[in-house]
Each structure stands twice: as structure tokens, then as C-alpha cells.
Amino acid sequence: MRTAKFVQSYFDAWNHRDPEAVAHHLAADGTYLDVPDNEQVSRDELIVDLHQFFADYRHRYELLGDILEGRNTIAFQYRMYPPGAAQQAAEGCIYGAEFMTLRGDSARTITDYYEIPGAAKVSRFAGLASRRSPDAKYAKSGLTKEQLATYKSRLERVMNAERVYLRPNLTLPELAKAVGCSVNHLSQVINAGFGMSFFDYVNRYRVDHAKALLSELDGNGDSVLNIAFSVGFNSNSAFYTAFKKRVGQAPAQYRRGLLRRAH
């Protein structure tokens, strides 16, 4: 991956106000941390937040200085110009820096630091600071309780009948298309309807499927690594973390326990 080209593509995505293009600079299991707001989001949660952010704010972004490179890391400074501001104008600009850890052609993590001049210290996602509160986050979504119940039922049907969770690169927009609703509405269904993030919700299905495969004790059971990939995980570490979070045991430990009880 050419660092300069990657960073330029990242800035282009911000300047074109394209949520998917910005977020897809992250790996599928990557995270974005907004330091001043102390808010960490997944790639698909970032897409949802950016749709609202770009609807409210039309800043322009510019790289400042050189890109600093380390082993699998890059860092750079940037400037945000308010709408209508002339190039090089200082008034009203926001200055910040981002630190990225890289994995292949994507960022595993993006950490964003910035300072806003003046007395009002609001986050880069100003107006979205309360987005983790379901009532505040979805106050303008227009989704009624009846619609939420309908989409929730559709979602469960898609997950169980079509088993879309087996797709290793399943995204929130793809799942919303399968359910037949907007990305923001699906995010609300998962967050408010199930009390989970998108990744936790999808991984619940993947882990439960893995448990069934690990329970095949007739001597033909597949390896833990093969099971991890077969149920939709991109790495053994992601599988281990999700499995232990849901089951309370590592996958191999869970299988050993089943074997002991079987004998």
C-alpha cells in the first residue's frame, strides 16, 4: 500500500462527504476513535454517524505537513475549513491529527485528535455527541414502534433463513438492503431492538453456528480455525474474542468440555 495514495484517498472521501468511502479505509473489524468525544465506533457505526454529520456539516479537509510513517503506522496533521472559507483562511478552522495502525491495504484503527478554537469545545461529530442514547440518536429517524417491530422480524428472518452472517465481509448497508430498510433504521433496530452493536449482533449468529459445529463429536469435527472461517470470521483472533465474549470460554475449551461430558 502506498501511504501517500492511501491518505489522499482518505481526504478525498471526507471532501466528497462520502460516508462509505471514508469508513472503508478501515478494515472490516477496524475501529475509529474520536478522542475529544471519547467515542469509539466500528466501521459500520461510523458510516451511520457520518451520514448525519455530512448532512449537517460541509467542511473542507486539507493535509498539513508531511505524513509520518512507522512500522504499520502512519500519522498526519490536518485542517478543517468551515463552509465558504477561503483557502489558507485561519478564522474558524479546526486543527487536528490522526494516528492510524495499518493492516494490509486498510487501517485497523484510526485515532482522531483535534482542537476547536474558542469557548465552545464540541466534538468533530458536533450535534451527535449523544448518539449512543437511543432516544436522542433516533429522535428524527421517523421509525415508529410498529415499523421497528416489522424490521426486527424481517431482520431475524433474513439472518435465520438466508444466513447472511456467513458472509465474511457483511456490512450494515448490505444487511439493510436485504431487510429492505435504510441504514439508519437498521442501526436503530439492532441497537434499540436487541441492545447490541451491529458487530455483536452478527457475531452472535456466527458464534452460535460455531457452537453447533464444535458440538460434532463423532470424530469428524473440523478444526477450530476452519470453523472460524466457515461461520464468517476473517481471523482466528476475532473468532476467539467474539466466542469468549458470548460463551465465556475459548472455542477449544468449549469443545473439550463437550468431549468430557460425552464420555
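Further up the page is the structure itself.
Here we summarise the structure given alongside this text.

Rules and cut-offs
Residues numbered from 1 in each chain as written. Predicted model: local features only at pLDDT ≥ 70, side-chain atom pairs only at ≥ 80, totals over all residues. Heavy atoms only, no water. Helix = DSSP H or I, 4+ residues; strand = E, 2+ residues; numbered from the N terminus. Buried < 20%, exposed > 50% of the residue type's maximum accessible area, 1.4 Å probe, protein only. Contact = heavy atoms within 4.5 Å. Areas by Shrake-Rupley, 256 points an atom, 1.4 Å probe, with all protein chains shown as cover. Axes fitted to C-alpha atoms, helices over the stretch in contact; angles between N-to-C directions. Parallel < 35°, antiparallel > 145°, perpendicular 65-115°, else oblique. Nonpolar A, V, L, I, M, F, W, Y, C, P; charged D, E, K, R; others polar. Core = buried A, V, L, I, M, F, W, Y, C linked by side-chain atoms within 4.5 Å. Pairing = 2+ DSSP bridges.

1. Describing the overall build of the protein chain
Summing up its helical and strand segments, the protein chain has 11 helices and six strands in all. Here the protein chain, with 263 residues, has 44% of them falling under the buried criterion. Considering only contacts within the protein chain whose residues lie at least 6 apart along the sequence, 60% involve residues at least 24 apart. For the protein chain, the accessible area works out to roughly 13,700 Å², and carbon and sulfur atoms hold 49% of it.

2. Regarding unusual backbone geometry
In terms of backbone geometry, most residues other than glycine have negative phi values and most peptide bonds are trans. Residues other than glycine seldom take positive phi values, yet Asn72 does so here, at roughly 60°. Phi is positive for Arg163, which is not a glycine, with a value near 50°. Structurally, Arg163 is set in the loop between α5 (145–162) and α6 (172–179).

3. Brief notes about the packing of helix α8 (residues 198–214) against helix α10 (residues 236–247)
Relative to each other, α8 and α10 sit at 90°, their axes nearing to 9 Å. Taken as axis vectors, α8 and α10 run roughly perpendicular relative to one another. Contacts from Asp200, Asn203, Arg204, Val207, Asp208, Ala210, Lys211 and Leu214 of α8 reach α10 at Phe239, Ala242, Phe243, Lys245, Arg246 and Val247. For the contact of α8 with α10, the per-class residue count stands at seven nonpolar, one polar and six charged.

4. Things to note about the nonpolar core
One recurring pattern in soluble globular proteins: nonpolar side chains tend to sit buried together. Tyr10, Trp14, Tyr32 and Met100 are the most contacted members of the largest nonpolar core, which totals 27 residues. For this core, the secondary-structure elements that each account for two or more residues are α1 (3–15), α2 (19–23), β1 (26–34), α3 (43–56), β4 (73–81), β5 (94–103) and β6 (106–115).

5. Focus on the sheet that holds strand β3 (residues 60–70)
Sheet architecture is open: six strands sit in the order β2-β1-β6-β5-β4-β3, paired in mixed fashion. The two strands at the open ends of the sheet, each matched to only one other strand, are β2 (39–42) and β3. Direction aside, the axes of adjacent strands within the sheet are offset by 20° on average. Of the strand pairs in this sheet, β3 and β4 are connected by eight bridges, and their pairing is antiparallel. By the bridge assignment, Leu63 is partnered in β4 with Tyr78.

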